[in-house]
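Take a look at the letters that make up each chain.
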Amino acid sequence: MSTRRSFIKNISLAPASLILPTILSADNNYSTPYKEGLIISTWDFGAKANEKAWEIISKGGKAVDAVENGVKEIENDPNNTSVGLGGFPDRDGIVTLDAAIMDEKGNAGSVCALQRIKNPISVARKVMDETPHVILVSEGAQKFAISKGFKLEKQKRSTVSDKAWKEWLKKSEYKPIINFEMHDTIGQLAMDKNGDISGACTTSGLAFKMHGRVGDSPIIGAGLYVDNEVGAATSSGLGEYVLKTLGSFLIVELMRFGYSPQAACEEAVKRITKKYPYREFQVGFIAMNKAGETGTFSIHPGFEFAQCRAGVVTNVKAGSFL
Ligand code: GLY
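Quick summary incoming for the structure in this document. Note that the structure is a prediction, hence the values are computed from the model and not measured.

1. Structural notes on a nonpolar patch on the surface
- Residues Val134, Ile135 and Val137 make up a contiguous nonpolar surface patch of about 220 Å² in total accessible area.
- Along the chain, Ile135 falls in strand E4 (residues 135–137).

Dropping the structure here:
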């Protein structure tokens with residue numbers, strides 16, 4: 001009779017080749033990709049990014065062009081204090097920007113701690129398309145951007161950011177405020193009418209961070225991950241915790257093994273809350289799979305995503321762990 005112990009013993013004696021293929025070949029085969037056009041973006045301000053992306057997708061354009069131009073809309077908004085040059089500065093009063101993009105072929109490009117360039121997402125796109133690299137940082141990224149014709153803007157803070165920074169300097173206290181300082185990233189995922197998926201995210205990062213700090217957004221697998229066979233995920237919130245758990249990659253891999261986007265987002269949040277029981281920070285994920293299902297989950301209430309499905313616009317509130 002085969003007891004549990006003897007079964008485990010037999011498994012442990014079996015050659016890896018007999019066990020691993022069974023596990024690793026558990027890919028979902030989404031034979032019918034959703035082809036009506038689907039775009040999801042973090043937060044309510046994602047709606048504006050979706051509008052732009054839909055202009056491209058609705059005309060049969062590619063998802064990668066949709067997400068680049070979609071999130072660029074938010075970078076261009078000088079009143080957004082968490083994305084683009086209007087973003088809150090670091091402790092030294094300097095605005096540094098992070099962005100990443102990933103296409104349906106698995107190509108990726110990103111920039112970290114980029115200063116004085118209005119559209120880091122387009123620099124990330126050029127890193128992806130026109131260099132043999134994935135990540136360029138700081139001065140190197142800026143030099144590259146200038147070489148590609150990007151304008152070097154003046155080093156300045158918006159009036160709102162300047163005021164907030166000066167207020168912060170009075171105490172100089174590192175204390176993330178849930179859904180405020182953490183309301184910090186536009187992440188957008190899109191599936192075009194060919195059924196191809198791409199994603200992009202861009203941020204000025206954590207408000208009043210240490211100079212040189214980089215969060216999850218420009219790190220492929222942390223703040224953004226796309227696998228065109230399976231789906232895509234992106235995050236918002238305190239990047240340090242997403243970096244330590246590679247949340248977006250985790251979600252895509254869970255979907256590969258059969259999790260729905262919703263279940264995968266919930267599991268990624270649970271990994272964080274279990275490992276780091278100090279939960280006085282926000283992290284939220286959004287995800288889509290090849291079949292056009294979506295999911296979202298966050299640690300605290302207040303996270304949401306904007307959706308455009310076949311041209312129909314909705315806002316979806318995330319469920320939360322707490
Ligand atoms: N999630 C953006 C950041 O932490 O920088």
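2. Things to note about the pairing of strand E12 (residues 312–317)
- Summarising burial for E12: zero of the six residues are buried, a small minority.
- As defined by bridge partners, strand E11 (residues 304–309) adjoins E12 across six bridges and the pair is classed as antiparallel. In the strand pairing of E12, Arg309 is matched with Val312.
- Here E11 folds back onto E12, and the loop between the two strands holds two residues, one of which, Ala310, carries a positive phi near 50 degrees.

3. Side note on the pattern of salt bridges
- All chains considered together, the criterion is met by 18 salt bridges.
- As a salt-bridge pair, Asp162 and Lys166 come within 2.7 Å of each other at their nearest N and O atoms. With Asp162 and Lys166 both in helix H7 (residues 159–171), this residue pair falls four residues apart, about one helical turn.
- By relative accessible area, Lys166 is classed as partly exposed at 43%.

4. Describing unusual backbone geometry
- The phi dihedral of Arg116 is positive, around 65 degrees, even though this residue is not glycine.
- Of note in the backbone geometry, Ala310 takes a positive phi value of approximately 50 degrees without being a glycine.
- With respect to the helices and strands, the residue Ala310 is situated in the loop between E11 and E12.
- Residue Ala310 is classed as partly exposed on the basis of its relative accessible area, which comes to 36%.

5. Focus: helix H10 (residues 261–275)
- Helix length check: H10 (15 residues) gives 21 Å between terminal C-alpha atoms against 21 Å at 1.5 Å per residue, within 8%.
- All of the buried residues in H10 are Pro261, Ala264, Cys265, Ala268, Val269, Ile272 and Thr273.
- Buried-residue contacts for H10 involve helix H8 (239–243), helix H9 (247–256), strand E9 (283–289) and strand E10 (294–298).

What counts and what doesn't
Residues numbered from 1 in each chain as written. Predicted model: local features only at pLDDT ≥ 70, side-chain atom pairs only at ≥ 80, totals over all residues. Heavy atoms only, no water. Patch = residues over 30% accessible without salt bridge, like charges linked within 9 Å, V, L, I, M, F, W, Y side chains within 5 Å. Areas by Shrake-Rupley, 256 points an atom, 1.4 Å probe, with all protein chains shown as cover. Salt bridge = Lys/Arg side-chain N within 4 Å of Asp/Glu carboxyl O. Helix = DSSP H or I, 4+ residues; strand = E, 2+ residues; numbered from the N terminus. Buried < 20%, exposed > 50% of the residue type's maximum accessible area, 1.4 Å probe, protein only. Pairing = 2+ DSSP bridges. Expected span 1.5 Å × (residues − 1). Contact = heavy atoms within 4.5 Å.

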